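Spelled out from the first residue to the last, the chains are:
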Amino acid sequence: MLSARLLALETSCDETAAAVLTAEGTVLSSVVASQIEAHRIYGGVVPEVASRNHILHMRGLVEQAVADAGVSLKDIGAFAATSGPGLVSSLLIGSTTAKALALAEGRPFLAINHLEGHLLSPFMPAGETAPETLPEIPSHVALIVSGGHTMLLHVRGVGDYKLLGRTRDDAAGEAFDKVAKMLGLPYPGGPEIDRRAKSGKRDAYDFPRSMMERGSNEFSFSGLKTSVLYLLPKVDLTSEQVMADVCASFQEAVVEVLVEKTVRAARACGEKLVAVSGGVSCNTRVRELFAKRAKDFGLTLQLAHPSYSTDNAAMIGFAAVQRWKAGYSSPLEVDVNPNLPLVG
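Computed from a prediction, not measured in an experiment: that's the story for all the values here.

Draft legend 1. Fine view of the pattern of salt bridges. On inspection of all chains with the given rule, the structure shows 20 salt bridges. Measuring nitrogen to oxygen at the nearest pair gives 3.4 Å for the salt bridge that ties Lys-74 to Glu-105. Of this pair, Lys-74 sits in the loop between helix H2 (47-69) and strand E4 (76-84) while Glu-105 sits in helix H3 (residues 88-105), and the two are 31 residues apart along the sequence. Since its relative accessible area comes to 59%, Lys-74 is described here as exposed. Here Asp-160 ties to Arg-156 by a salt bridge, and the two come within 3.6 Å at their closest N and O atoms. One connected set of salt bridges, linked through shared partners, spans Arg-202, Glu-252, Arg-285 and Glu-288.

Draft legend 2. Structural context of the side chain of Lys-225. One can find Lys-225 in helix H7 (residues 222-231). Dropping the residues within four chain positions of it, Lys-225 is found in contact with Asp-170, Lys-178, Val-179 and Met-182.

Draft legend 3. Helix H8 (residues 240-269), seen in detail. Compared with the 44 Å implied by 1.5 Å per residue over 30 residues, the 43 Å span of H8 between its first and last C-alpha is a close match. With 23 of 30 residues buried, H8 is to be regarded as a mostly interior element. At the exit of H8 stands Gly-270, carrying a positive phi of roughly 75 degrees.

Scoring rules and cut-offs
Residues numbered from 1 in each chain as written. Predicted model: local features only at pLDDT ≥ 70, side-chain atom pairs only at ≥ 80, totals over all residues. Heavy atoms only, no water. Salt bridge = Lys/Arg side-chain N within 4 Å of Asp/Glu carboxyl O. Helix = DSSP H or I, 4+ residues; strand = E, 2+ residues; numbered from the N terminus. Buried < 20%, exposed > 50% of the residue type's maximum accessible area, 1.4 Å probe, protein only. Contact = heavy atoms within 4.5 Å. Expected span 1.5 Å × (residues − 1).

Encoded structure:
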């Protein structure tokens, strides 16, 4: 079994992150170097800028994570890193660093799927009391809403995942960012829309809810994005209330689809537990409506903690500890895969 501690690295996109966890999944340290300001002037992530900044931040973050955890590299029993999906030039930085550390210390290396990190993050230990054993992952229906990914899965244990449905075009996070750009809001767009929607009317504009027919677990947000685009010439976005109403109406259309499809899937699978993860799970209305609908249908709701919802190394470490417990490790020759699938 994994000795003492595991060091995990995450560099799948524009966040450089490092974390140290115990064998029981307790997070001892978690540090993230954000690149939001570096990419804001471009209105989105520039891969070359992201990878260059990963190189600049990596050594300092590893040293800080180890120091914050009160350990040294000699105390680390295994090293893990995201191997995909993501930007290949970014993935290589974290993966190569973790491999080098594993080789230097004579420890195992674990290549981890970024989406599995999100998938398992709602079950990470929280609070001041550290668990005595690694938390088990119960059977449940999971929704991942992170960046370019929106997918529903039936989870029956670590590594036992059945894909129920995914987006056919834009993911929810992409829709938020693209609509925010249309509205002239700064990057990243999701938090800006969420903030402005708080003072808006959710039914001010009748935006479409696509693919809502019963039995469908697929998602589509491109039509919604187009509907917003066609509305813009007809409204005065210089009015703060109009802007708030557009944001609230758009957000409600996205959230209703996410919540209703997840609840339906849970009932169809006979599951009483629903877990939601990824950056979009931080959205205020997502959390509010999921809580309401779960209560309506007698479901238990497990949300990823906001600290572990956006890209971070703690969730990668938690997935790595789960995999290590199951006897999994990776050869140093394993390559990164920008299109690494979670299922199949």
